[in-house]
Amino acid sequence: MRPALILPLILPLLALAACSPPRDRLAGDTPPQTVEAVDLQRYAGLWFEIARADHSFERDCQGVTAFYTPQPDGTVGVINRCWKNTLNGELDIAEGRARYPDPADTAKLEVSFFGPFFGDYWVIDLGEDYSWAVISEAQGRYLWILAREPQPGDAFIEARLADLRERGFDTEGLIFPQQWASLEAMPRDGLPAAASDQPSSTQ
């Protein structure tokens, strides 16, 4: 397998390493407000990328998913998957870990795929049933809409975009990757064995 692409959680890390960061999508200088708290056990499991801001390290990625697993030491295991160019393309997998810089603030994590280097992962919106989430970071340069289902529907997408615009985010030019027709249609390659029986944690 060739070197893994870095998917929804890497944030500014590659920007520091080799490329210019994307433009700031958030009006003003105030960081986005996060949700009050995130229950990691409910947040764990499989997520589908529904939309993302354009950036080089996910270029041409389709069918993007992220899988989060709480670890005994309080960190979170991360598996990101991307199919190159089409849903039938080559699969790339990146494995990393997330941690809480402040354990009292469970909506703000840091994620690493490169040794000691971490990037911010802020949960700025979250469905009450943990069926969807919106992720950004302090400067609003990175943005993702995630859902537990690969096809959440146009009404869901429009609602999330409207909320983001109301909060001062520029949603023009967001990328909506191809996704699987259903959860059952999604390949399980690269996921933990237990994920086949429990693909997400929404209860």
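Since the structure is predicted, the reported quantities are computational estimates derived from the model, not experimental observations. (Residues numbered from 1 in each chain as written. Predicted model: local features only at pLDDT ≥ 70, side-chain atom pairs only at ≥ 80, totals over all residues. Heavy atoms only, no water.)

Draft legend 1. Geometry of the pattern of salt bridges. Within this structure, the stated rule accounts for 7 salt bridges. One continuous salt-bridge network, built from bridges that share partners, spans Glu49, Arg52 and Glu58. (Salt bridge = Lys/Arg side-chain N within 4 Å of Asp/Glu carboxyl O.)

Draft legend 2. Fine view of the sheet that holds strand 4 (residues 91-99). In space, the 8 strands of this closed barrel follow the order 1-2-3-4-5-6-7-8, with antiparallel pairing throughout. The mean inter-strand angle of the sheet, taken between neighbouring strand axes irrespective of direction, is 35°. Of the strands in this sheet, strand 1 (45-52), strand 6 (117-126), strand 7 (132-136) and strand 8 (144-147) are in contact with helix 3 (residues 154-166), which crosses strand 8 at around 145°. (Pairing = 2+ DSSP bridges. Helix = DSSP H or I, 4+ residues; strand = E, 2+ residues; numbered from the N terminus. Axes fitted to C-alpha atoms, helices over the stretch in contact; angles between N-to-C directions. Contact = heavy atoms within 4.5 Å.)

Draft legend 3. Examining the side chain of Arg148 more closely. With respect to the helices and strands, Arg148 occurs in the loop between strand 8 and helix 3. Buried and unpaired, Arg148 has Asp129 as its nearest opposite-charge partner, separated by 7.9 Å. In this structure the side chain of Arg148 is engaged in a polar contact, spanning 3.1 Å, whose partner is the backbone oxygen of Ala44. Within the structure, the side chain of Arg148 is placed 3.0 Å from the backbone oxygen of Leu46, a separation counted as a polar contact. (Buried < 20%, exposed > 50% of the residue type's maximum accessible area, 1.4 Å probe, protein only. Lys, Arg positive; Asp, Glu negative; His and termini not counted. Polar contact = N/O pair within 3.5 Å; in protein donor to acceptor, adjacent residues only side chain to side chain.)

Draft legend 4. View of the packing of aromatic side chains. Counted under the stated rule, the structure contains 6 aromatic pairs. Aromatic side chains Tyr142 and Trp144 sit 6.1 Å apart centroid to centroid with 15° between the ring planes, which places their arrangement in the stacked category. Both residues of the pair, Tyr142 and Trp144, belong to the buried class. Taken together, Tyr43, Trp47, Tyr68 and Tyr121 form an aromatic cluster joined through their ring pairs. In this arrangement the basic side chain of Arg99 is found over the ring face of Phe118, its NZ or CZ atom lying 3.5 Å from the centre. (Phe/Tyr/Trp six-rings, centres within 6.5 Å; stacked < 30°, edge-to-face > 60°. Lys NZ or Arg CZ within 6 Å of the ring centre and 35° of its normal.)

Draft legend 5. Structural context of the nonpolar core. In this structure, Leu46, Phe48, Ile124, Leu143, Ile145 and Leu164 are the most contacted members of the largest nonpolar core, which totals 29 residues. Sorting the residues of this core by element identifies strand 1, strand 3 (76-84), strand 4, strand 6, strand 7, strand 8 and helix 3 as the ones contributing at least two each. In this structure Leu143 touches Ala51, Arg52, Ala53, Ile124, Val134, Ile135, Ser136, Leu164, Phe169 and Leu174, once residues within four positions along its chain are discounted. Val78, Tyr100, Tyr130 and Trp144 belong to the second-largest nonpolar core, a separate cluster that totals 26 residues. (Core = buried A, V, L, I, M, F, W, Y, C linked by side-chain atoms within 4.5 Å.)

Draft legend 6. Looking closely at the pairing of strand 3. For strand 3, the buried fraction is high: 8 of the 9 residues fall into the buried class. The pairing of strand 2 (residues 61-70) with strand 3 spans 8 bridges and is antiparallel. Counterpart to Cys61 in the pairing with strand 3 is Lys84. Two elements, strand 3 and strand 4, share 8 bridges in a ladder whose sense is antiparallel. Note on strand 4: the bridge partner recorded for Cys82 is Asp92. Between the antiparallel neighbours strand 3 and strand 4 lie 6 residues, among them Asn85 with a positive phi of about 75°.

Draft legend 7. Quick look at helix 3. Compared with the 18 Å implied by 1.5 Å per residue over 13 residues, the 18 Å span of helix 3 between its first and last C-alpha is a close match. Residues Phe156, Ile157, Arg160, Leu161 and Leu164 constitute the buried set of helix 3. Buried residues of helix 3, viewed axially, fall in a sector of 130°; they line one side. Residues Asp154, Ala155 and Glu166 are exposed on helix 3 and point more than 90 degrees away from its buried face. Those residues of helix 3 that are buried are in contact with strand 1, strand 6, strand 7 and strand 8. At the C-terminal side of helix 3, Gly168 shows a positive phi close to 95°. (Expected span 1.5 Å × (residues − 1). Arc of directions from axis to C-beta.)

Draft legend 8. Molecular detail of the pairing of strand 5 (residues 108-114). Counting buried residues in strand 5 gives 5 out of 7 residues, a clear majority hidden from the surface. Inspection of the sheet shows strand 4 paired to strand 5 by 3 bridges, in the antiparallel sense. Bridge pairing in strand 5 places Ala98 opposite Val111. Pairing of strand 5 with strand 6, which is carried by 5 bridges, proceeds in the antiparallel orientation. Bridge pairing in strand 6 places Lys108 opposite Trp122. Connecting strand 5 to the antiparallel partner strand 6 that follows it, the hairpin turn spans 2 residues, and Gly115 within it adopts a positive phi of roughly 55°.

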